[in-house]
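Observations on the model geometry
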Amino acid sequence: MKRLFSALLVVVIGTLAMGDSQAASGKIWYVNHESKAAGDGRSWNRAFQSLQEALSATSKGDEIWVARGTYYPHATDPTESFILKEDVAIYGGFSGRETERQQRNYRKNVTVLSGNIGKGDKTKNTKTIVLGADRAVLDGFTVSDAYGTDTPRMHLVPADILKNDMVVGGGMRNFMTGPIVRNTVFKNNYSPKGGAVYNVHKPGADQATFINVDFIDNVAEIRGGGVSNDLGAMPRFINCRFIGNRSNDKGGALYNDFAASPLVFNCLFTRNSAVNAGAIGNDGGSAPLLVNATILDNRAVSELGSGLYQGTGANSNPILLRSVVDNVYNWHEDILSELGSLVPPDKTLPLAEFIPISNLKGQLLPSELKSAPAYARGYQPKLDGALLLKE
């Protein structure tokens with residue numbers, strides 16, 4: 001089992017550790033929308049009034065500290081977004097008096113990146129609120145009220161996706177970028193694909209990471225009410241919750257296509273809904289790994305896969321470790337393998353039997369599964385995702 005996770009462990013533990021240390025180099029820029037006068041951003045007393053000003057001023061290695069309140073990419077233009085920068089970290093949740101990052105309280109000092117600029121007409125709201133960047137950090141925010149529409153395009157080929165000309169990812173779009181998002185809530189966002197977040201992977205680059213992130217009441221017109229992943233994207237979801245998201249077609253909480261296979265550790269999926277794949281939909285050879293996941297009480301209007309749905313394309317073969325799933329649907333001959341999980345009878349194959357017929361053959365011996373950690377099944381609010389990986 002350790003060999004299965006060894007490469008992943010180095011990356012994820014390093015990512016988690018970044019959240020505990022203060023910036024070793026670079027400047028700190030301050031933002032407070034209540035600032036009395038426009039300043040140069042070098043202290044709370046001289047804070048920028050807008051986040052866009054701070055983003056323009058930063059260089060690699062810098063941090064931006066944002067005081068509580070609501071910030072918009074643009075007051076009237078729905079096509080404007082907050083464009084993150086490589087190796088720049090943005091932290092919300094400050095009162096405006098802190099001298100160290102650890103003093104902030106992002107739960108008390110709610111800091112909102114909002115698309116609600118339509119003055120009551122949501123169709124005029126911001127289309128995509130945040131555009132990601134490699135190794136950028138977004139930590140301690142609520143991202144809400146995006147609204148984007150586009151000509152429906154359901155059956156795409158990779159060339160269509162690579163044009164990057166679609167309105168996708170209401171809260172955040174990570175097109176061939178790998179940011180780190182922590183301690184953040186995405187809620188009430190709407191987009192054709194990826195109501196809250198849309199991820200596309202760039203070969204050889206970092207994958208997007210989401211730690212302690214809630215996806216609540218987001219909607220996709222076509223795919224992925226919470227998150228949609230394409231083209232080999234393998235984002236990491238650690239200690240996340242997907243609650244009340246909806247897709248008007250497939251993948252109420254999470255949708256994966258074109259071999260997009262996210263790594264899901266200690267996450268909850270509940271009260272999500274779609275026509276097909278109420279919680280998670282996997283197409284096109286997508287095979288997510290789910291460890292200590294709970295997928296319960298979701299709804300598929302068609303009654304096809306309210307929990308886990310494996311649809312078009314071969315080799316959509318998820319792996320469940322110590323997870324709880326109340327409903328599974330396999331469209332073709334896809335295989336859902338499991339170890340130590342609670343799943344519907346006759347819907348899965350023991351992981352020890354799957355290994356010899358999969359690309360894990362030669363990498364992992366069935367006998368090694370005996371050393372897998374014996375945590376309680378399913379999502380646990382107090383379970384540390386970093387500890388789960390380490391064990």
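See above for the structure.
Residues numbered from 1 in each chain as written. Predicted model: local features only at pLDDT ≥ 70, side-chain atom pairs only at ≥ 80, totals over all residues. Heavy atoms only, no water.

1. Notes on the overall build of the chain
In terms of regular secondary structure, the chain is built from five helices and 33 strands. In terms of C-alpha radius of gyration, the chain reaches 21 Å, essentially the compact-globule figure of 21 Å for 391 residues. Over its C-alpha atoms, taken along the principal directions, the chain stretches across nearly 65 × 45 × 35 Å. The buried share of the chain, taken over its 391 residues, is 56%. Expressed as a percentage of contacts within the chain between residues at least 6 apart in sequence, the contacts between residues at least 24 apart total 73%. Both charge centroids of the chain, one from 40 positive and one from 38 negative side chains, sit 4 Å from each other. (Helix = DSSP H or I, 4+ residues; strand = E, 2+ residues; numbered from the N terminus. Rg over C-alpha atoms; globule rule 2.2 N^0.38 Å. Buried < 20%, exposed > 50% of the residue type's maximum accessible area, 1.4 Å probe, protein only. Contact = heavy atoms within 4.5 Å. Lys, Arg positive; Asp, Glu negative; His and termini not counted. Charge placed at Lys NZ, Arg CZ, Asp CG, Glu CD.)

2. What to know about the nonpolar core
Ile-64, Leu-113, Phe-215, Phe-237 and Phe-269 are the most contacted members of the largest nonpolar core, which totals 61 residues. Looking at this core, the elements with two or more residues in it are strand S1 (28–31), helix H2 (51–57), strand S2 (63–67), strand S5 (89–94), strand S8 (137–139), strand S11 (180–187) and strand S14 (209–216). Filtering out sequence-adjacent residues up to four positions away, Phe-237 remains in contact with Phe-210, Phe-215, Val-227, Asn-229, Phe-242, Leu-254, Pro-262, Leu-263, Val-264, Phe-265 and Cys-267. Among the nonpolar cores identified, the runner-up in size contains 14 residues, and Leu-263, Phe-265, Ile-355 and Leu-369 belong to it. (Core = buried A, V, L, I, M, F, W, Y, C linked by side-chain atoms within 4.5 Å.)

3. A word on the environment of Pro-78
Structurally, the position occupied by Pro-78 is in the loop between strand S3 (69–71) and strand S4 (82–83). The class of Pro-78 is partly exposed, set by a relative accessible area of 23%. Not counting residues within four places of it along the chain, the set of residues in contact with Pro-78 comprises Ile-117, Lys-124, Asn-125, Thr-126 and Lys-127.

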